[in-house]
Amino acid sequence: MNTRIVTVAGGPADGKNIREAGDIIKAGGLVAFPTETVYGLGGDALSAASAARIYEAKGRPSDNPLIIHICRMEDLQKIAETIPQTAYTLAREFWPGSLTMIFRKADCVPMETTGGLDTVAVRMPAHETALALIEAAGGFVAAPSANLSGRPSPTAARYVIEDMNGRIDMILDGGESEFGLESTILDMTEKIPVILRPGYITASMLKEILGEVAGEGAMSLPEEQEPPRAPGMRYRHYAPKGSLTIVEGKEERVVSYINEQIEQEKAKGRKTGVIGTDQTAGLYHADSIKNAGSRNEERTIARQLYRILREFDEEGVSSIYSEAFDATGVGQAIMNRLLKAAGYRIITLK
Ligand code: TXA
Ligand code: MG
């Protein structure tokens, strides 16, 4: 398949391109598009055949449900049932934005879209191009992250091209993702809503409105979540090709431990990489050193994480070490993704 790649720059040409992209989705095709979190791979959410095509393009198991993206508040009630009043309050506060909420699904949503579940995940993204595309596509766009299954989510169109070129109809290039990590997922079907995936909308932001949320420390090991609440959590995720180990402890100890490991790996002929910060990047002896930004600026680290993991792949780095980050606020989302990428391999230095 020939994939058309089109730049959307906020100019007058966008209207025509987005209309065409919307027509492709309406006709059962797939279009990757930018959102403020990561790039999405969009298809018609109300079509079973489109859902099947999404799974095929991603190489993703078809029991892993898709998020439906909407562009108008009133459309929520068309695809979801038993929507609690608090969900409207959350929507008023955080939509459009990086919050995904889960409800009972309405009959019009095919089981193929929800991976066989009777619940549906819904989000109204904040990116202008995303909103325009959803509208042009008829209002309901199913979109997982636009990566091949198991790879880090794409935070720029070049990564979508890497994974999806030849597999989908069109890619809308809207530059770098503003946040770089996927949305917060909140299960609204429980009396006390449960955070299934941490993101930019943090537990404390949700608590200000809800009073109480569950699942706050959603860092648990895969075997501890039986059965997994968000089916996507079951699979090895966000992973670079090299092996990644997280090292936590006092800064000095972490730096010297990682440097020791690097010497050993180099001696075995492996190409080594480190994820450090402004504070430490200059202290490492690895072949490839990535500075994720200042330790105090979680948002910068979040924006860079997936790009860094993909760069290690491009450079053929096989042994990667990362410092640990504070697991509070947005840091919780960072550590959640980093732990998954590492297959939960973390070393704690006393
Ligand atoms: O920021 C985002 O959410 C991005 C952009 C494109 O919007 N999308 C995204 O989609 O991250 P995806 O498919 O890569 O991740 C969706 C996660 C999966 O882990 C899936 O299992 C979970 O949401 N999910 C979807 N529907 C669900 C449901 N009904 N119940 C439980 N988990 C659900
Ligand atoms: Mg994904």
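Quick caveat: nothing in here was measured; it's all calculated off a predicted structure. (Residues numbered from 1 in each chain as written. Chains lettered and ligands numbered in written order. Predicted model: local features only at pLDDT ≥ 70, side-chain atom pairs only at ≥ 80, totals over all residues. Heavy atoms only, no water.)

S.K.: Is there a simple way to explain unusual backbone geometry in this structure?
M.R.: Negative phi characterises most residues that are not glycine, and trans characterises most peptide bonds. For the bond from W95 to P96, the omega torsion is -10 degrees, close enough to zero to count as cis. The residue P96 is located in the loop between α4 (85–94) and β6 (99–105) in this model. In this structure, T82 takes a positive phi of about 45 degrees despite not being glycine. Locating T82 in the fold gives a position in the loop between β5 (80–81) and α4. Of the residues examined, T82 reaches a relative accessible area of 67% and is grouped as exposed. In the Ramachandran plot, Y344 falls in the positive-phi region, its phi being about 65 degrees despite a non-glycine side chain. Examined against the element boundaries, Y344 turns out to sit in the loop between α10 (330–341) and β16 (346–348). (Helix = DSSP H or I, 4+ residues; strand = E, 2+ residues; numbered from the N terminus. Buried < 20%, exposed > 50% of the residue type's maximum accessible area, 1.4 Å probe, protein only.)

S.K.: Help me understand the packing of α4 against helix α7 (residues 203–210), please; the structure alone is not making it clear to me.
M.R.: A pair of packed helices can be characterised by two numbers: the angle between their axes and the separation between those axes. Here α4 crosses α7 at 130 degrees, and the two axes come no closer than 10 Å. With respect to their mutual orientation, α4 and α7 come out oblique. α4 and α7 meet at a crossing whose hand is right-handed. Across the interface between the two elements, T86, T89, L90, E93 and F94 from α4 touch M205, L206, I209 and L210 from α7. (Axes fitted to C-alpha atoms, helices over the stretch in contact; angles between N-to-C directions. Parallel < 35°, antiparallel > 145°, perpendicular 65-115°, else oblique. Left-handed = near helix turned anticlockwise from the far one by under 90°. Contact = heavy atoms within 4.5 Å.)

S.K.: Sorry, what's going on with helix α1 (residues 13–26) here?
M.R.: The α-helix winds at 3.6 residues per turn, so residues separated by three or four positions along the chain end up facing the same way. In a regular helix each residue adds 1.5 Å, so 14 residues correspond to 20 Å; α1 covers 20 Å between its end C-alpha atoms and thus fits that length. Those residues of α1 hidden inside the fold are in contact with β1 (4–7), β2 (31–33), β3 (40–44), α5 (128–136), β8 (141–142) and β9 (170–173). Phi turns positive one or two residues past the end of α1, at G28, with a value near 100 degrees. (Expected span 1.5 Å × (residues − 1).)

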